[in-house]
Amino acid sequence: MHLSDLWFIAIAVLWAGYFVLEGFDFGVGILLPFLGRHAGGGAHADPASGDLQRRVMINAIGPVWDGNEVWLLTAGGATFAAFPAWYAAMFSAFYLPLLIVLVALIIRGVAFEYRGKRDSTRWRAGWDTAIFLGSAVPALLWGVAFGNIVRGIPILVSPTTGAERFTGNFFTFLNPYAIGGGLTTFTLFTLHGALFLSLKTTGDLRKRARRTAAAAAVPAIVFGGGFLAWTGASYRSGTTSGAAIASVTCAALAAVALAAVAVLTRLGKELPAFTANAVAIAAAAASLFTALYPRVLPSTLGAANDLSTANAASTAQTLMIMTVVACIFLPVVLAYQAWTYWVFRKRITAPRVAAGPVTVPAARAPEPEPEPGKEDRRHRGLLHRHGSGGRDKD
Amino acid sequence: MDVLDLSRWQFGVTTVYHFLFVPITIGLGFLVAGFETAWLRSGNDRWLRLTKFYGKLFTINFALGLVTGIVQEFQFGMNWSAYSRLVGNIFGAPLAMEALLAFFLESTFLGLWIFGWERLPRKAHNACMWITAAGTVLSAYFILAANAWMQHPVGFLYNLATRQDNLRSYFDVIFNPAVLMGFPHVIAGAFLTAGALVAGVGMWHVMRAKTPAADVRAFRSAVRAGAITVLAATVVVIATGDIQGKMFTTQYQPMKMAAAEALFHTARPAPFSLLTIGNLNGTRAIFEITVPRLLSFLATGNWNDQVQGINNLQQHYSQLYGPGNYTPNVPVIYWTFRGMIFAGLLAGLIALFTLWLTRRDRAPKSRLMLGAAIVLPFLPLLGNAFGWIMTEMGRQPWVVWGQMKTAQGVSAISGGEVLASLIVFTLLYGALAVIEAGLMFKAIRAGLPSAEEAQVPAQRAGSDQTEPTLVY
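It should be emphasised that the depicted structure is a prediction, and the values quoted were computed from it without experimental measurement. (Residues numbered from 1 in each chain as written. Chains lettered and ligands numbered in written order. Predicted model: local features only at pLDDT ≥ 70, side-chain atom pairs only at ≥ 80, totals over all residues. Heavy atoms only, no water.)

**Remarks on the overall build of chain A**
Piece 1. When its secondary structure is counted, chain A shows 13 helices and five strands.
Piece 2. Burial status across chain A gives 61% buried among its 394 residues.
Piece 3. Taking all contacts inside chain A whose residues are at least 6 apart in sequence as the whole, residues at least 24 apart take part in 79%.
Piece 4. When the accessible area of chain A is evaluated, it comes to approximately 14700 Å², of which 69% is carbon and sulfur surface. (Helix = DSSP H or I, 4+ residues; strand = E, 2+ residues; numbered from the N terminus. Buried < 20%, exposed > 50% of the residue type's maximum accessible area, 1.4 Å probe, protein only. Contact = heavy atoms within 4.5 Å. Areas by Shrake-Rupley, 256 points an atom, 1.4 Å probe, with all protein chains shown as cover.)

**Overview of the interface of chain B and chain A**
Piece 1. Contacts between the two partners involve 78 residues from chain B and, on the opposite side, 79 residues from chain A.
Piece 2. One salt bridge in this structure joins R85 of chain B and E164 of chain A, with 3.6 Å as the shortest N-O distance.
Piece 3. Joining chain B to chain A, the criterion identifies 14 residue pairs in polar contact (both at pLDDT 80 or more).
Piece 4. For the side of chain B that touches chain A, the elements supplying multiple residues, two or more each, are helix 2 (45-79), helix 3 (81-115), strand 2 (164-167), helix 15 (415-446) and strand 7 (466-467) of chain B.
Piece 5. For the side of chain B that touches chain A, the element with the most residues is helix 3 of chain B, which contributes 24 residues.
Piece 6. Residue classes in the side of chain B that touches chain A are distributed as 44 nonpolar, 23 polar and eleven charged. (Salt bridge = Lys/Arg side-chain N within 4 Å of Asp/Glu carboxyl O. Polar contact = N/O pair within 3.5 Å; in protein donor to acceptor, adjacent residues only side chain to side chain. Nonpolar A, V, L, I, M, F, W, Y, C, P; charged D, E, K, R; others polar.)

**So, unusual backbone geometry**
Piece 1. Y293 of chain A connects to P294 of chain A through a cis peptide bond whose omega is 0°.
Piece 2. When you line up the elements, P294 of chain A lands in the loop between helix 10 (270-292) and strand 3 (295-297).
Piece 3. Cis geometry is adopted by the peptide bond preceding P397 of chain B, which originates at Q396 of chain B and carries an omega value of 10°.
Piece 4. When you line up the elements, P397 of chain B lands in the loop between helix 13 (378-393) and strand 5 (398-400).

**Structural notes on the pattern of salt bridges**
Residues and elements named next belong to chain A.
Piece 1. Tallied over the entire structure, the rule returns 19 salt bridges over all chains.
Piece 2. Between E22 and R108 there is a salt bridge, with its nearest N and O atoms 3.8 Å apart. Placement of E22 in helix 1 (residues 3-35) and of R108 in helix 5 (residues 95-114) is noted, with a sequence separation of 86 residues between them. When sorted by exposure, E22 lands in the same class as R108, which is buried.
Piece 3. Counted as one network, the salt bridges with shared partners bring together D51, R54, R115, D119, R124 and D128.

**Observations concerning the side chain of S139 of chain B**
All names here are of chain B.
Piece 1. Topologically, S139 is positioned in helix 4 (residues 122-151).
Piece 2. In this structure S139 comes out as buried when scored by relative accessible area, which is 8%.
Piece 3. Side-chain polar atoms of S139 contact the side chain of E98, separated by 2.8 Å.

**Observations concerning helix 1 (residues 3-42) of chain B**
All names here are of chain B.
Piece 1. The end-to-end C-alpha distance of helix 1, which contains 40 residues, comes to 58 Å, matching closely the 58 Å that a straight helix rising 1.5 Å per residue would cover.
Piece 2. At F19, helix 1 shows its largest kink, close to 30°, and the proline P23 lies no more than four residues downstream.
Piece 3. The first or second residue beyond helix 1 is G43, which carries a positive phi of 75°. (Expected span 1.5 Å × (residues − 1). Bend = angle between axes of the 7 residues up to and from the residue.)

**Points about the packing of aromatic side chains**
Piece 1. The tally for this structure, following the rule as stated, stands at 66 aromatic pairs over all chains.
Piece 2. What links up through ring pairs into an aromatic cluster is the set F8, W15, Y18, F19, F26, F83, W86, W142, F146, F189, F289 and Y293 of chain A.
Piece 3. The positively charged end of R118 of chain A is found above the aromatic ring belonging to W123 of chain A, 5.1 Å away from the centroid.
Piece 4. R338 of chain B extends its terminal NZ or CZ atom over the ring of Y334 of chain B, reaching a point 3.8 Å from the ring centre. (Phe/Tyr/Trp six-rings, centres within 6.5 Å; stacked < 30°, edge-to-face > 60°. Lys NZ or Arg CZ within 6 Å of the ring centre and 35° of its normal.)

**What to know about the environment of Y472 of chain B**
Piece 1. Structurally, Y472 of chain B can be placed in the segment after strand 7.
Piece 2. Separated by 405 residues in the primary sequence, Y472 of chain B and V67 of chain B place their C-alpha atoms 18 Å from one another.
Piece 3. Ignoring sequence-local partners within four residues, the contact set of Y472 of chain B consists of R55, I58, N59, G62, F112 and E113 of chain A together with I114 and F115 of chain B.

**Comments concerning the packing of helix 1 of chain A against helix 8 (residues 203-234) of chain A**
For any two helices packed against each other, the geometry comes down to the angle between their axes and how far apart the axes lie.
All names here are of chain A.
Piece 1. Two numbers describe how helix 1 lies on helix 8: the axes approach to 12 Å, and their chain directions differ by 115°. Crossing hand, helix 1 versus helix 8: right-handed. Contact residues: helix 1 offers L31, F34 and L35, while helix 8 offers L205, R208, A209 and T212.
Piece 2. Along the lines of polarity and charge, the residues of the contact of helix 1 with helix 8 split into five nonpolar, one polar and one charged. (Axes fitted to C-alpha atoms, helices over the stretch in contact; angles between N-to-C directions. Left-handed = near helix turned anticlockwise from the far one by under 90°.)

**Focus on the nonpolar core**
Piece 1. Formed by 284 residues in total, the largest nonpolar core has its most connected members in W15, W86 and W142 of chain A together with L28, Y54, F74 and Y83 of chain B.
Piece 2. Ranked by residue count, the leading element in this core is helix 3 of chain B, at 22 residues.
Piece 3. Beyond its immediate chain neighbours, meaning those up to four positions away, Y54 of chain B contacts L28, V32, F35, V198, V201, G202, F219 and A222 of chain B.
Piece 4. In this structure, L263, A270, F272 and V307 of chain B belong to the second largest nonpolar core, which totals seven residues. (Core = buried A, V, L, I, M, F, W, Y, C linked by side-chain atoms within 4.5 Å.)

**Considering the confidence of the model for chain A**
One rule of thumb: low pLDDT means the predicted coordinates there are not for detailed reading.
Residue and element names in this part refer to chain A.
Piece 1. Averaged over all residues, the pLDDT of chain A equals 85, while 85% of them reach at least 70.
Piece 2. Predicted confidence in chain A is weakest over helix 13 (residues 372-385), with a mean pLDDT of 36, and strongest over helix 7 (residues 176-200), with 96.
Piece 3. Contacts of residues 353-394 to residues separated by more than four positions or lying in other chains number 60 contacts, the stretch itself having pLDDT below 50. (pLDDT = per-residue confidence, 0-100.)

**Quick look at the pairing of strand 1 (residues 156-159) of chain B**
Residue and element names in this part refer to chain B.
Piece 1. For strand 1 and strand 2, the ladder comprises four bridges, and the chain directions are antiparallel. By the bridge assignment, Y158 is partnered in strand 2 with D165.
Piece 2. Linking two consecutive strands that pair antiparallel, namely strand 1 and strand 2, is a turn of four residues; a positive phi of about 55° is found at R163 within it. (Pairing = 2+ DSSP bridges.)

**Re the confidence of the model for chain B**
All names here are of chain B.
Piece 1. On average, residues of chain B carry a pLDDT of 90, and 97% of them reach 70 or more.
Piece 2. Of all the helices and strands in chain B, strand 7 carries the lowest mean pLDDT, 64, while helix 13 carries the highest, 96.
Piece 3. Predicted complex, confidence summary: ipTM 0.90, pTM 0.89.

**Re the environment of F175 of chain B**
All names here are of chain B.
Piece 1. Mapping F175 onto the fold places it in the loop between helix 5 (170-174) and helix 6 (177-207).
Piece 2. When the C-alpha atoms of F175 and G155 are compared, they prove to be 9.9 Å apart, with 20 residues separating the residues in sequence.
Piece 3. The residues contacting F175, other than those within four sequence positions of it, are Y141 and L180.

**Section: the side chain of S198 of chain A**
Residues and elements named next belong to chain A.
Piece 1. On the secondary structure map, S198 appears in helix 7.
Piece 2. Here L195 takes part through its backbone oxygen, which lies 2.7 Å from a polar atom of the side chain of S198.
Piece 3. In this view, S198 contacts R206, A209, R210, E270 and R347; residues no more than four positions away in its chain are not counted.

**Quick word on the environment of E118 of chain B**
Piece 1. In this structure, E118 of chain B sits in the loop between helix 3 and helix 4.
Piece 2. Placed 78 residues apart in sequence, E118 of chain B and A196 of chain B show a C-alpha to C-alpha distance of 31 Å.

**Description of a nonpolar patch on the surface**
All names here are of chain A.
Piece 1. A surface patch of nonpolar side chains, about 680 Å² in accessible area, is lined by L140, F171, L174, I179, L183, V218, V222 and F223.
Piece 2. Broken down by secondary-structure element, the contributors of at least two residues to the nonpolar patch are helix 7 and helix 8.
Piece 3. At three residues, the largest contribution of residues to the nonpolar patch is made by helix 8. (Patch = residues over 30% accessible without salt bridge, like charges linked within 9 Å, V, L, I, M, F, W, Y side chains within 5 Å.)

**Some remarks on the packing of helix 6 of chain B against helix 7 (residues 213-252) of chain B**
Residue and element names in this part refer to chain B.
Piece 1. Following both chains from N to C, one finds helix 6 and helix 7 inclined at 155°, their axes separated by 6 Å at the closest point. On the basis of their axis angle, the class for helix 6 and helix 7 is roughly antiparallel. The interaxial crossing formed by helix 6 with helix 7 has left-handed handedness.
Piece 2. Along the lines of polarity and charge, the residues of the contact of helix 6 with helix 7 split into 24 nonpolar, twelve polar and one charged. (Parallel < 35°, antiparallel > 145°, perpendicular 65-115°, else oblique.)

**What to know about helix 3 of chain B**
One turn of the α-helix equals 3.6 residues, which is why residues spaced by three or four share an orientation.
Piece 1. Taking 1.5 Å of rise per residue, 35 residues should cover 51 Å, yet helix 3 of chain B covers just 39 Å from first to last C-alpha, more than 12% shy of that figure.
Piece 2. Bending of helix 3 of chain B peaks at approximately 90° at the position of G88 of chain B.

Set out below in structure tokens:
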């Protein structure tokens, strides 16, 4: 195996890691306006307690979302260093979609930090919208982008300079297959966010997150299954036979994992369901990358214009140094990121009297919650009733 | 304007904007970590209250530095794809390592610090901020090594077949002499910036009539810490700036330094320009006030040595690299160079003045000092921006000095796309700057949290299944 193949795998792993990790915080952002309401819902909804629910959701991802986003920066940096031609061609071709993603990530990142810094309903409502859009738009566009990468985009390699030029426009990206990819990531991440919330919250929010996850599993299976089947049927002609087999195997694994999510969610097994969905997302990403291999950015204008691990890679010397650095530091990074998740492993619950930077006035404080112990028992009770339940669907 | 001009404007706007927040993050991380350590060592609440107060400013500022940093990394491929393709072998590696070694460190440990007050033992919590701060410095080293390579490319070979630069020695790239001097200059500048913020904000509270006596004492400690930081940083900035000036004049980019001094004709000995007004096409001076021989001394360390002038260098480069314009925008380089030095020195003087006024337990109330305290935090921000504009525009027309011209590095994208992104980014940055400034002023006006508000509850027992603390 060449070092360039190893780095192709490394970049696939970084993207898969990014989707698995940021996937759930995108999902929490997407669900913010829908789950961040008080239990009563409708006309009885108490705005202050709705805000408290949203704060619980944001605090659930608060310590980790930023570290999750660094996976994207690392994937970008690794692509630049290991495949300069791929980085150059891809980032300039996807100029407008990336602009939209960047704007979304900017307002989203700022929103988490700034939302609680001023005690005003309008201020927080504005940032809530920013979190929703800043999560929903990239969740959709990453799938569209990867659909287009697998499908190929119109790029021409200049015979004189060797530089790649994109000959399409923004609407080139809006083809049915790529939009299917967008719906796949969007539904998978929404599901992932719901599963994460069911794992990290308590009480009513946890209950509704679980119901949402059960509902969200359906479109995720439909779009994800359809998109991966389409990929397997149409877009593996340029790969080696080994990669094609791997791609179909990964797609099958993703489908099995998604089916498991649906079952486990209904059984109320929160951690296994979340884990299964993480596997599904990683397997779906792996299926796309293996469908590409050994190309990294196929051209729709003839195979001579394809970028591949062979013609886009850096020299062995650059790759060797990168390999040494990654082998030393990646385990360290994984260790301390895992430690963070361990430190913040507990469920988040709304405090009886809200503390922190935003102080909800006492008059608007939520009604007291039951004792934690009792609450847990109540949840087990709920679980049994779940099949026949759905009594207060909001 | 064409794609090139628009792309340059976008890069400039993004970089200068990004670098308003970065130095504050770098320097303030260490100061906040230091305050927390002082609290742990002394047990004095004053330091905890300062930690929380300046820690809040740190998080407000960090958010914008972080999100604009994503644009920084992506725009090389988006707007400068020909450049990225040429240099990725060399330039990409430090960027990838910056993400892997530094960004993960900063983001993960800052998350632990913000959310971990009740989850972590106190020393471990404090360590998180020290690690975050160390991460910011590591990050700066990698990106400055990448930039230094553009200023003074080393350790590579051009491959004719692939039309790319191939790495020859990563050691040479990472220990480029240009980064060995540029790095301490920028880091000291960051400490100057953060020290000025801490001292300026603290001094404003010290002199405010409604600040309680206990808070005045606390802020006085912060003022002293900030002002000492500024003074020490000023010394390092001057020393490293001087060495860089000599390196660039005599070896790397004599044109940049000639432009910075508006020295049109090679001179031996060369006079230092106090004020030069050039003609409209920037080829000669029409009015100047100079100090004889001083430039020779500053640029070479010898009062009699020759310093090359713009016109002579232009002629030299035309012969070496073919016909073309090799002269950067002289008035911009000349004035930003002076603006940088003036802003830094003035900040240093104010810090000295502040230390004098606060000597031996004094807490002064003076109008002059109040004005100085308000101006102080803005001076280094200006100095940093001027410095980057000077060094980046002074490298023009090159993107990689002596190898690739900026015009050759730009992406094959349409002017409409770049215009759209330039407008979007500029409006977005403007709106976020207003919001950020509003939040900063609000947090500053709010003053120190009371001892009760700042108090850190004992670590929660491990048996709890839930976490009732909301931070955001």
